[in-house]
Every structure is written in structure tokens, then in C-alpha cells.
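# A closer look at the structure
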Amino acid sequence: MPHQRLSSTLRACIVAVALAATSSAAHAAEGSECHVGSYRLADGRIVDIAPLEDDRLRWRSFDGAVGELKPQRDGGWQSLYGWIGRPDGIDVRFGACSAGTIRFAGSEGQRLTFDVAKSDFNGRDGVTLKGQLVMPKGTGKVPVVVLVHGAERDAALRFNFLQRLFPAVGIGVFVYDKRGTGTSGGTYTQDFDLLADDAIAAMATARKLAGARAGRVGYQGASQGGWVAPLAANRAPADFVIVSFGLAVSILDEDLQQMEMELTDKGYPPEIIAKAQEIARAAGEIFASNFKDGYAEFDAVRAKYRSESWYKDVHGHITWLLLPHEEAAMRAEGPNYDWGTPFRYDPMPTLTANRTPQLWVLGGRDYQAPAKETSRRLGTLIDAGKPFSLAVYPQAEHGITLFETAPDGTRTSTRFAEGYFAMMRDFIKEGAIDNAYGDARISGASVHD
């Protein structure tokens, strides 16, 4: 009997190893990206699976929860909490690629199918841009949102998960690789004027592809896209604009405001912050001159404060890039930042002239796009009768994500703020939002009582 039991155990081990090898081979043969898509679970939840590098995936739930997925030898996937990297205990398994099935945290689900129309279109100066319209299945009218890039160089056609998450809740999406990124032509740029014209061309393409199914059509601009989308809406008709974690101040002011937040969090008083901002203003002049001028002034203010105890904590949005370097090194590095960036661009005239309904969603703990002054400026526009609404998530950072802070001050995101995706959905569909989405503080013209 002992011998028989050993043989059975041995046979079971052999089978398990063989299955694991087969599953690993299947992973390698099919590739993890065959599982990319939005899934509707039996309990009604929407979970999107997006690609990452190195055969990994990232899941996002419509309620804002997030995790990373790593393939395991047994054919399952280990889920890791947010962007933190520690196991979260959520069990995830996919069926065969062709089946489009998932088991997520004990709930079975099916991958949703959409109507997808790919299209090349011409941006300004005839540059060929690559895009696609992703529509919910059906024949009826649906709203369509054009996704406008931030400053990232990532290929939106591959990595922007909103191209699936919005269609999963009844919204069409036009997504495109901006010039100089992904599969599109042209040279990478941060020229807002040029990018706004490209966004207008994208919207025209979206309207053409959607045809009779197009309902309300507008923009969602994230981060740097928050400067671009309102410009586009002023030049050609749009039904709405959403700005996610954007700014109503210039890039130079962004640097000053980020520095103020960072140093305040480190406990420094206003008089020290004012001194640090002298350094930031001098650094900003170098950037704004395209690395042609301002070196003597920058050297002088650095020399003035270099021995101060707080100097080591000066960072900001762009100042930190120059702090360690002397003039020759900065001049040599300058061409690497020659992206046509309008450092002095003031968005307020554009916003003041804008008649398109806008929803701005900001993070109260966002270093990269500090909300304080932008919220104040938007408040003046709302008070003046502009059709704008403002939502501030008090504990969210850039991306409208919540985060954990390490002892050294490093932040790591854990999830999106609750209600963020639902708020955008409602504004796109209805042109209005409710007064409660998680802990967002909401004001403005388009808020239901």
C-alpha cells in the first residue's frame, strides 16, 4: 500500500509538471496580449486588462481598483496591489485566447466585443497619424470622446486603456498615436498650437467614421492634454471637454507651484520657499530661452543659496534637471529638450474665450499639476458664468490616483480615486454630473442638485 500511494503521488506530480509546462508553453505561444480587453463579470463589474512589458498585464476595475498581473507556471496569474508590487490575494485566470473568458476574484466574465474602425488621417502639415474609432456594439447613437495625449511618448493605440473602458459603458472612443509616437509619423513635439490642430483633425476623423451613430462628440485631455484640448475646442466645434489633472497656469508657474507644495510638505516656512522659487525662476528663464540665455543669473542665485540647509530639497517640475550642472553641460543638453514647448503659455485667455462645457478633474495632492491656483482660477470662471465644472479629489495625485508614501517621501500609486471614471462617463453621456463621486469636492455649472 505505501508503494502504491507513492506511485500515485509520483504520477500526480508528473501530470502536474506536464500541465504546468503545457500552460507555460501556451503562454509563450499565445502571448499575454491576447487577453487584452474589457470584461464584464457575472456580478456586473467591468474589468479592463491592458498590456505591459515583459509578458505582464495590468487590470483596472471601473470603480478605480488596479493591479498588475504576472503569469505563473500553473497557468494562473499573480495579482499585485496597485503599482505597489505586493500580492493582493486576488485570483485571476484566463481561458483560451479564442474563448475570451476570465475568472476574476471568483467571478466569471466574458470579454466584450466592440466595433473598431482603423484610420490614417492627416495632422497639420500633412503628417500621417494613426488612429482608430472604438464603438460599443449596436446601431444607435452614442457619445464619442477623442482622447488627447499628455506629454508621454507612449503609443496611445497600444496603452491607453480608456479606449476600451469607455466603450464598455456605452461610449465611443477615438484614440490615436500623436505625432512622433507609436505608429504615427512626424516628430515628437510639445507645441500646444500644433497638437491642437492635430486633435481637431482627429475629431473630424472620428465624426466621419462614426457617421450617423455619433451623438455628443468632445475631448478628454489628460495632463498636458489639458492645455491642448481647450485650444482645439475654441477652433472647431466640440460638445464638451474633460481636462484630467491639467493646469490653468503656465509651465513656468507649474514649476513654482510644485516647488511650493514639495517644500511645504517637508515643513519649510514661506520665506524659505520664496528663496527656493528664486532659483526656479532663474532655471525657468533658461528653459524658456531654449537654453540660449539666463546662465549668469542662474549661477548667481545658485551660489547665493547653495550652502543653505534647504538647498538639497529643491526640486520642482523642471528646476531639478538643471541644478547639478554647469553652463557647458546645460548648453550641451539643451537640444534634447527642443520640443517646441511653450513654457510661458498662459491658458487663461483661451479658457476665458471658451464657450464649450468643460469638466476639470484635479488631484489635491498632485505635485506635477498642483490644484490650488488652477482651482482658484477655474472658480473665477465659474463665478463669471462659464459652463465649467470642477471636481477636486483631495487625496489624489497626478493621474487621479491615490498613493502610499515611503519613509523617504517616495510615492507609489495604489488605485484611481473612487468615482473618477463614473464622473467622466456621466459628463460625456449627459453633459452633467451628480454631486457625489467618492470624496471629490464638486462645484460648477453642470452639477445636478
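Residues numbered from 1 in each chain as written. Predicted model: local features only at pLDDT ≥ 70, side-chain atom pairs only at ≥ 80, totals over all residues. Heavy atoms only, no water.

To continue, consider the side chain of Q220. Here Q220 lies in strand β13 (residues 214-222). Taking the relative accessible area as the measure of exposure, Q220 reaches 3% and is therefore buried. Within polar-contact distance, the side chain of Q220 engages the side chain of S244 at 3.0 Å. Excluding its chain neighbours within four sequence positions, the residues that come into contact with Q220 are V145, V146, L147, V148, L162, I242, S244, Y420 and M424. (Helix = DSSP H or I, 4+ residues; strand = E, 2+ residues; numbered from the N terminus. Buried < 20%, exposed > 50% of the residue type's maximum accessible area, 1.4 Å probe, protein only. Polar contact = N/O pair within 3.5 Å; in protein donor to acceptor, adjacent residues only side chain to side chain. Contact = heavy atoms within 4.5 Å.)

Let's shift gears to the sheet that holds strand β7 (residues 101-104). Strand order in the closed barrel made by the 8 strands is β1-β2-β3-β4-β5-β6-β7-β8, with antiparallel pairing throughout. Recorded for the sheet is a direction-independent mean angle of 30° between the axes of neighbouring strands. (Pairing = 2+ DSSP bridges. Axes fitted to C-alpha atoms, helices over the stretch in contact; angles between N-to-C directions.)

Our next topic: the pattern of salt bridges. All told, the structure shown has 29 salt bridges when counted by the stated rule. With a shortest N-O distance of 3.8 Å, D346 and R377 are connected by a salt bridge. Taken as a pair, D346 in the loop between α10 (327-333) and α11 (348-353) and R377 in helix α12 (residues 371-383) lie far apart in primary sequence, 31 residues in all. Residue classification places D346 among the partly exposed positions, given a relative accessible area of 39%. What makes R377 buried here is its relative accessible area of 17%. As a salt-bridge pair, E373 and R377 come within 3.0 Å of each other at their nearest N and O atoms. Of the two residues, E373 and R377 both sit in helix α12, 4 residues apart, roughly one turn of that helix. Here the salt bridges do not stand alone but share partners, grouping R124, D193, D197 and R235 into one network. (Salt bridge = Lys/Arg side-chain N within 4 Å of Asp/Glu carboxyl O.)

On the basis of which strands lie adjacent, the open sheet formed by 9 strands has the order β9-β10-β12-β11-β13-β14-β15-β16-β19 and mixed pairing. Of all strands in the sheet, those bounded by a partner on one side alone are β9 (114-122) and β19 (441-444). Direction aside, neighbouring strands of the sheet carry axes that sit 20° apart on average. Inspection of the sheet shows strand β16 (residues 388-393) paired to β19 by 4 bridges, in the antiparallel sense.

What follows concerns the state of the cysteines. With the rule as written, the count across this model stands at 1 disulfide. What pairs with C34 in a disulfide is C97, and their sulfur atoms sit 1.7 Å apart. With the S-S bond torsion at -45°, the cross-link from C34 to C97 turns out left-handed. One end of the pair, C34, is in the loop between α1 (2-30) and β1 (37-41); the other, C97, is in the loop between β6 (87-94) and β7, and 63 residues separate them in sequence. (Disulfide = S-S within 2.5 Å.)

All told, the structure shown has 23 aromatic pairs when counted by the stated rule. Where W59 meets F104, the ring centres are 4.9 Å apart and the plane angle is 75°; that geometry is what we call edge-to-face. Of this pair, W59 sits in strand β3 (residues 57-61) while F104 sits in strand β7, and the two are 45 residues apart along the sequence. No difference in accessibility class separates W59 from F104, as the two residues are buried. (Phe/Tyr/Trp six-rings, centres within 6.5 Å; stacked < 30°, edge-to-face > 60°.)

In this section: the packing of helix α7 (residues 270-288) against helix α8 (residues 295-305). The contact between α7 and α8 brings their axes to 8 Å, and the two run at 160°. Looking at the two axes, α7 sits roughly antiparallel to α8. Crossing handedness for the pair α7 and α8: left-handed. Contact residues: α7 offers K275, E278, I279, A282, A283 and I286, while α8 offers Y295, E297, F298, V301, K304 and Y305. Split into classes, the residues belonging to the contact of α7 with α8 amount to 8 nonpolar, no polar and 4 charged. (Parallel < 35°, antiparallel > 145°, perpendicular 65-115°, else oblique. Left-handed = near helix turned anticlockwise from the far one by under 90°. Nonpolar A, V, L, I, M, F, W, Y, C, P; charged D, E, K, R; others polar.)

What follows deals with the environment of G95. Summarising the element assignment, G95 is placed in the loop between β6 and β7. Through-space distance from the C-alpha of G95 to that of K292 is 58 Å; in sequence the pair is 197 residues apart.

Within soluble globular proteins, side chains that are nonpolar generally end up buried alongside one another. Core analysis: the largest hydrophobic core is formed by 77 residues, its most contacted members being Y219, I279, F298 and W310. Not counting the four nearest positions on each side in its chain, I279 is found in contact with F298, V301, Y305, W310, Y311, V314, T319 and L323. Grouped together as the second largest cluster of nonpolar side chains are 40 residues, I242, A391, F416 and Y437 included. (Core = buried A, V, L, I, M, F, W, Y, C linked by side-chain atoms within 4.5 Å.)

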